[in-house]
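Close look at the chain arrangement
The chain contents come next:
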Amino acid sequence: MAVAERSAQNFIGGEWVDAASGETFESFVPATGESLGSFPRSGAEDVDRAVAAAKEAFGSWRLVPAPKRGEILFRFARLLEEQKDELTELMSREMGKVLAEAGGDVQEAIDMSVYMAGEGRRLFGQTTPSELPDKFNMSMRMPVGVVGAITPWNFPIAIPAWKLAPALVCGNTVVLKPAEDTPLLASRFVEILSEAGVPPGVVNVVHGYGEDAGAALVAHPDVPIITFTGHRTTGIAVTKAAADNLKTVHLELGGKNAIIVMDDADLDLAVEGIVWSAFGTSGQRCTAASRVIVHEAVYDALQSKLVDAAERMRLGPGWDESTDVGPVINRGAIEKIHGYTEIGKDEGAKLLTGGEPATDGDLGKGHFYRPTIFADVEPGMRIAQEEIFGPTTALIPVRDFDEAVRAANGIRYGLSSSIFTRDVNRAFRAMRDLQTGITYVNAGTTGAEVHLPFGGTKETGNGHREAGQAALDVFTEWKSVYVDYSGKLQRAQIDNVERPAP
Ligand code: NAD
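My aim in this report is to walk through the structure given alongside it, one point at a time. (Residues numbered from 1 in each chain as written. Predicted model: local features only at pLDDT ≥ 70, side-chain atom pairs only at ≥ 80, totals over all residues. Heavy atoms only, no water.)

Right, let's get into the side chain of D105. Residue position: D105 is located in helix α4 (residues 99-119). Its relative accessible area of 0% is what places D105 among the buried residues. Reaching out from D105, the side chain makes a polar contact with the backbone nitrogen of I157 at a distance of 3.4 Å. (Helix = DSSP H or I, 4+ residues; strand = E, 2+ residues; numbered from the N terminus. Buried < 20%, exposed > 50% of the residue type's maximum accessible area, 1.4 Å probe, protein only. Polar contact = N/O pair within 3.5 Å; in protein donor to acceptor, adjacent residues only side chain to side chain.)

What follows is the structure in structure tokens.
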């Protein structure tokens, strides 16, 4: 497939503009290595302009009635629907996902926008009785101001929507610094938002690298909140940099998610769930199943079914309907994934299949890695502890349920987990005891829906959640309001306290 070169600029105050320095960087097609276009390599000056535009727009956007803000999001969802096929195909080129998954990514943005459009007519606060007579109490949500949104490349339309839809409906304005590997999709995303009626300055995009444009956004004094999705180590750097201005930092970081397969599981269903969760998006999901914890009674049977399924998967470009596994994002990812294959072998794990880049024919032009399965993995090995972010999974044998839960919990991350079992008691214990923000029963580790909170415990984040009602807590501050209509000074905790007789 020929790839048309398509460049895009920054979007600031409703105008498409180059970086102040005039510098650019390129976006490449991971399946072929071709260039997709060039984009502004922005720095602090560009971020300053974008933040100034967002700050100015905040004055009027926060006063637009929330239902009207919601209507714009609703129009955005409709436009995404109309352009879903085009965006899906573009995603299969720029990010590399297979078409079905790319369509799911766009659909997630549609769903999130519809859900948050509805929030425009809710954004509920509370009213409560006052402890004093003739007094009214309520709480209400207030927008925070200019939101700095920094996003990864693996869900290039969905993740900007998870952040921008709630931020906007709550009355904030945004400066988005998208991942440097998927700038074209980010540009299309804001173009469509603007077409939906988002006024100039309300959403701005500054392209470029994390260490310049991203860091400048995090450091900017007029950005009170940073919402960040990416690596754990980047999240730590962002948190430290944001501490100087005491910013709110919302982090969605990595995972090392486990599927537990018990002795009573439907093994064929479990294999389907593992293949989908471990190798879907070439393993480049924060919720990827990179560990499979298996009861010893079904360990051998599961291994052979899983290897069979993995070896049947066809590698190819995402836009080819017959492809099961697309490329990984870039050359650096191949090196990292292969590095972990070497680590796994050195640690004494048994490589069952895969373990090498795929380079036959046209695959050699892109960045492909074979679905890789290690067996006989100990829970403490690096391949069972560290996020690989590729199509690699580790089989860990266990004797019983308690050992399975201990292994699942014995990591620094806490995003997603799953158990395959037909025993309802075990299923409920797993829901209670697995230390993750998301748990699936008889399904893989991936498949979140937009109306429930999304995020993780431990070092997957810092206590916030994306999506659902929980997202509103990230993008608003609570204000409590007391209205006294008694016509006199009433002192709380003093005037209404009965004093015991002397
Ligand atoms: P990354 O941390 O390399 O980059 C993420 C973003 O941060 C990019 O836009 C990058 O330019 C920017 N950045 C880099 N350094 C920065 C700095 N010093 N200051 C400010 N910004 C900076 O991550 P990635 O490779 O794009 O994404 C993969 C990671 O994202 C994985 O760890 C994955 O698990 C995680 N992820 C988490 C979730 C979740 O919701 N928990 C979802 C998707 C991906």
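For the rest of this paragraph, the subject is the nonpolar core. Core analysis: the largest hydrophobic core is formed by 133 residues, its most contacted members being M116, L168, V261, I293, L302, V377 and I383. Here this core gets 9 residues from one element, more than from any other, and that element is helix α5 (residues 158-169). Setting aside residues up to four positions removed in sequence, V377 forms contacts with A349, I383, A384, A394, L395, I396 and P397. I12, V175, A213 and L217 belong to the second largest nonpolar core, which has 22 residues in total. (Core = buried A, V, L, I, M, F, W, Y, C linked by side-chain atoms within 4.5 Å. Contact = heavy atoms within 4.5 Å.)

On to unusual backbone geometry, then. Positive phi, normally seen in glycine, also occurs at D134, with a value near 50°. Within the secondary structure layout, D134 lies in the loop between β5 (126-129) and β6 (135-143). Take D134: its relative accessible area is 42%, and that puts it in the partly exposed class.

This part covers the site of the ligand. The environment of the ligand is formed by 28 residues, the closest being K177, E180, T234, L253 and E387. T151 places a main-chain nitrogen or oxygen 2.8 Å from an oxygen atom of the ligand. In this structure, G210 approaches the ligand through a main-chain N or O atom, which is 3.2 Å from an oxygen atom. Here the ligand loses 89% of its free accessible area of 850 Å² to cover by the protein chains. The biggest single contributor to the shell around the ligand is helix α7 (residues 210-219), with 4 residues. Here the shell around the ligand is composed, by residue class, of 15 nonpolar, 9 polar and 4 charged. (Near = heavy atom within 4 Å. Areas by Shrake-Rupley, 256 points an atom, 1.4 Å probe, with all protein chains shown as cover. Nonpolar A, V, L, I, M, F, W, Y, C, P; charged D, E, K, R; others polar.)

In this model, helix α9 (residues 267-279) (13 residues) spans 17 Å end to end at C-alpha, consistent with the 18 Å of a helix rising 1.5 Å per residue. Among the residues making up α9, those that are buried are L267, A270, V271, G273, I274, V275, S277, A278 and F279. For α9, the elements touching its buried residues are β12 (257-261), β13 (289-295), α10 (299-312), β15 (372-375), β16 (392-398) and β18 (416-420). For α9, the side-chain oxygen to backbone nitrogen distance between the N-cap and D268 is 3.2 Å, and the N-cap itself is D266. Positioned one or two residues after α9, T281 has a phi angle of 50°, which is positive. (Expected span 1.5 Å × (residues − 1).)

Take the side chain of S187 next. Of note, S187 is situated in helix α6 (residues 183-195). Looking at S187, its side chain comes within polar contact range of the side chain of H207, at 3.0 Å. In this structure S187 touches A8, Q9, W16, F39 and H207, once residues within four positions along its chain are discounted.

Two orientations exist for strands paired in a sheet by backbone hydrogen bonds: parallel and antiparallel. One open sheet holds the 7 strands; their spatial order is β14-β15-β16-β13-β12-β18-β19, and the pairing between them is mixed. On the outer flanks of this sheet lie β14 (350-353) and β19 (438-441), each paired with one strand and no other. Shown here is a sheet whose adjacent strand axes are inclined to one another by a mean of 20°, direction ignored. Where β18 meets β19, 4 bridges bridge the pair, whose relative direction is parallel. Following the sheet pairing, S418 is matched in β19 by Y440. Most of the contacts of α9 go to β12, to which it runs at about 170°, and overall it touches β12, β13, β15, β16 and β18. Running at roughly 165° to β13, helix α12 (residues 401-409) makes contact with β12, β13, β16 and β18 of the sheet. (Pairing = 2+ DSSP bridges. Axes fitted to C-alpha atoms, helices over the stretch in contact; angles between N-to-C directions.)

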